[in-house]
Every structure is written in C-alpha cells, then in structure tokens.
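One-letter residues, chain by chain:
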Amino acid sequence: DAEITQSPRHKITETGRQVTLACHQTWNHNNMFWYRQDLGHGLRLIHYSYGVQDTNKGEVSDGYSVSRSNTEDLPLTLESAASSQTSVYFCASSGGIDPYRPGQGSHTQYFGPGTRLTVL
Amino acid sequence: AQKITQTQPGMFVQEKEAVTLDCTYDTSDQSYGLFWYKQPSSGEMIFLIYQGSYDEQNATEGRYSLNFQKARKSANLVISASQLGDSAMYFCAMREADSNYQLIWGAGTKLIIKP
C-alpha cells in the first residue's frame, strides 16, 4: 500500500552533531512538509517543497535544511543539533489526488508516524 | 490575530455521548478548506474530515461530522456516540486559497472520554 514513512522513529544525539531525518512517500505527491511539535506550540512548519528541486522555508527554519532530489523523499537535516531542537518531527505530504478519497482534490496533508529527536 | 481558534483546551465527556469540538477561523478568502485531525497518545496525526468552503453540505465521515457555519466562520467537529478510543488531541486546520497548500493550525483540544 502507498504510504508515508519516517526514519528513524527515535533518535538521541549530542549537541553540535549533524542529524538527518528521512521522509519517504509513495503516493507520488508533489507537496511535502516538515513540522515540529512541542508542548505549548502545536505544529510549526519548518520547511516545505512543492516538487523536485523546490524547497521553501517555513516559520521555524533556522538550523534546518532540506533537499528534494526526487518526488518520494524530503530529508530534513539539522546542521549542528542544539538542545532547543529536541522535539517530535512530522513529515506530511499532499497532492491533487487524495489516496483515500479518489476524485477529491482537497490537498489533504497525510502525516508520517513522527520522529522523536532528543539532543543532549 | 489567531486565524484558527480552538477555545476548549480540554474536555471530559461520558462514553456514548455526542461531543462537539469548537473551531472558529478567520479568513478573507472565498475559497478555503477546513480540516480536522486526531492525535492519540501514540502520537500519530490522523486525518478525520475535510470541508471545502463551497461545499453545500456538511461533511460526514462515519461517526464524524463537521458542523460548518460559514457566516459565523465556525467549523465544529461533532463525534457521535463517543468511544473510549476517541480520547485524543484534536486539531482544526485551515488552508487558504493563496496559501500554496500550507495549513494554519489551531492549538488543539484534548478530549478525554470517561467510561
């Protein structure tokens, strides 16, 4: 079945290290998004992409980067991890064809299972 | 100003009762979409229901329905016959026409179903 996956599901790292979180979707969606979720802040958009070679900054992009070399993947890189980046990270994708409701082009965002990142 | 407001930080409801979770929104666009997501304690974000601004009927998906009152700019989620498994955080979100597919999120409502 088509789906969206994230890896790893849990990661512990040290401050200053580079970390890459993977996101892979098999729906052939053009749009992909990275969010972080922290208590008291809800979901905040980090970066997003509307297609191959397209990337854009969200509201909390400092310290993060993404690249989109194909339709399926949008890896998120923390260049030099900081304790403030301890969070749960969600990847989401959307497209003109809804995988669960054919014929409805609502561009619903479907989420991966999340990655819990701890920076010590 | 908040574009999506969920005024109920937390709610307790007796099992089998109906639940209404409030969501009000603010937009000047004529074309927009409203979404509800569920986040159980396991952490995943689960899409529940969608309402387009031009949809004439309220959206329904199984036990979920969306009470869409356009003039009041409200999009309340109604869960009929609540179950223990409905205990979760619920988020309302909006996509505006010129948002390039981005969503604006509410702060969420924590729903607890009591047996």
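Up top is the structure these notes are about.
Because the structure is predicted, anything quoted here is derived from the model rather than measured.

What counts, and where the lines are drawn
- Residues numbered from 1 in each chain as written.
- Chains lettered and ligands numbered in written order.
- Predicted model: local features only at pLDDT ≥ 70, side-chain atom pairs only at ≥ 80, totals over all residues.
- Heavy atoms only, no water.
- Contact = heavy atoms within 4.5 Å.
- Salt bridge = Lys/Arg side-chain N within 4 Å of Asp/Glu carboxyl O.
- Polar contact = N/O pair within 3.5 Å; in protein donor to acceptor, adjacent residues only side chain to side chain.
- Helix = DSSP H or I, 4+ residues; strand = E, 2+ residues; numbered from the N terminus.
- Nonpolar A, V, L, I, M, F, W, Y, C, P; charged D, E, K, R; others polar.
- Disulfide = S-S within 2.5 Å.
- Buried < 20%, exposed > 50% of the residue type's maximum accessible area, 1.4 Å probe, protein only.
- Phe/Tyr/Trp six-rings, centres within 6.5 Å; stacked < 30°, edge-to-face > 60°.
- Lys NZ or Arg CZ within 6 Å of the ring centre and 35° of its normal.
- Pairing = 2+ DSSP bridges.
- Axes fitted to C-alpha atoms, helices over the stretch in contact; angles between N-to-C directions.

Here we look at the interface of chain B and chain A
Next, step 1: The partner chain A presents 17 residues to the 17 residues of chain B that form the contact.
Next, step 2: For the pair chain B and chain A, the interface holds zero salt bridges.
Next, step 3: Here chain B is connected to chain A by four residue pairs in polar contact (both at pLDDT 80 or more).
Next, step 4: Broken down by secondary-structure element, the contributors of at least two residues to the side of chain B that touches chain A are β5 (32–39), β6 (46–52) and β10 (88–96) of chain B.
Next, step 5: Of all the elements, β5 of chain B adds the most residues to the side of chain B that touches chain A, at three residues.
Next, step 6: For the side of chain B that touches chain A, the per-class residue count stands at nine nonpolar, five polar and three charged.

Some remarks on the state of the cysteines
Next, step 1: Counted according to the given criterion, the structure contains two disulfides over all chains.
Next, step 2: Covalent S-S linkage joins Cys23 of chain A and Cys91 of chain A, the inter-sulfur distance amounting to 1.8 Å. The S-S bond linking Cys23 of chain A to Cys91 of chain A shows a torsion near -70°; that makes this disulfide left-handed. Of the two residues, Cys23 of chain A is situated in strand β3 (residues 19–25) and Cys91 of chain A in strand β9 (residues 87–94); the sequence distance between them amounts to 68 residues.
Next, step 3: A residue is classified by how much of its surface remains accessible, and Cys23 of chain A, at 2% relative accessible area, is buried.
Next, step 4: Across the disulfide from Cys23 of chain B sits Cys92 of chain B; the S-S distance is 2.0 Å. Looking down the S-S bond of the Cys23 of chain B and Cys92 of chain B bridge, the torsion is -65°, so its handedness is left-handed. You can see Cys23 of chain B sitting in the loop between β3 (19–21) and β4 (24–25) and its partner Cys92 of chain B sitting in strand β10, a full 69 residues away along the chain.

Remarks on the side chain of Asp86 of chain B
Residues and elements named next belong to chain B.
Next, step 1: Among the secondary structure elements, Asp86 is positioned in the loop between β9 (74–79) and β10.
Next, step 2: Given a relative accessible area of 2%, Asp86 falls into the buried group.
Next, step 3: Within the structure, Asp86 has its side chain in polar contact with the side chain of Arg63 (distance 2.8 Å).

Digging into the packing of aromatic side chains
Next, step 1: Considering all chains together, one arrives at 18 aromatic pairs over all chains under this definition.
Next, step 2: The interplanar angle of 75° and the centroid separation of 5.8 Å between the aromatic rings of Tyr110 of chain A and Phe47 of chain B together place this pair among those described as edge-to-face. Taken together, the residues Tyr110 of chain A in strand β10 (residues 110–111) and Phe47 of chain B in strand β6 connect one chain to another.
Next, step 3: Assessed through its relative accessible area of 15%, Phe47 of chain B is described here as buried.
Next, step 4: Between Phe35 of chain B and Tyr50 of chain B, the aromatic rings sit 4.8 Å apart at their centres with planes inclined by 50°, giving tilted as the arrangement. Here Phe35 of chain B, found in strand β5, pairs with Tyr50 of chain B, found in strand β6; they are 15 residues apart in sequence, far enough to count as distant.
Next, step 5: Using a relative accessible area of 14% as the deciding quantity, one classes Tyr50 of chain B as buried.
Next, step 6: The lysine or arginine in question, Arg63 of chain B, covers the ring of Tyr64 of chain B, its NZ or CZ lying 5.8 Å from the ring centre.

Examining the sheet that holds strand β1 (residues 4–7) of chain A
All names here are of chain A.
Next, step 1: Strand order across the open sheet formed by four strands is β1-β3-β8-β7, with antiparallel pairing between neighbours. Looking at strand neighbours, the two that pair on one side only are β1 and β7 (64–66), the edges of this open sheet. Adjacent strand axes in the sheet meet at a mean angle of 20° when their direction is disregarded.
Next, step 2: As judged from the three bridges shared by β3 and strand β8 (residues 76–78), these two strands associate in the antiparallel manner.

Notes on the pattern of salt bridges
Next, step 1: Going through the model one piece at a time under the given rule, you end up with six salt bridges over all chains.
Next, step 2: Of the charged contacts in the structure, one is a salt bridge between Glu14 of chain A and Arg17 of chain A, with a shortest N-O distance of 3.5 Å.
Next, step 3: Two residues, Glu96 of chain B and Lys3 of chain B, come together in a salt bridge whose shortest N-O distance is 3.0 Å. On the criterion of sequence distance, the pair formed by Glu96 of chain B in strand β10 and Lys3 of chain B in the segment before β1 (4–5) is long-range, its members being 93 residues apart.
Next, step 4: On the basis of relative accessible area, Glu96 of chain B is assigned to the buried category, the value being 10%.
Next, step 5: By relative accessible area, which is 32% here, Lys3 of chain B ends up partly exposed.
Next, step 6: One salt-bridge network, in which partners are shared between bridges, spans Arg36, Asp38 and Arg44 of chain A.

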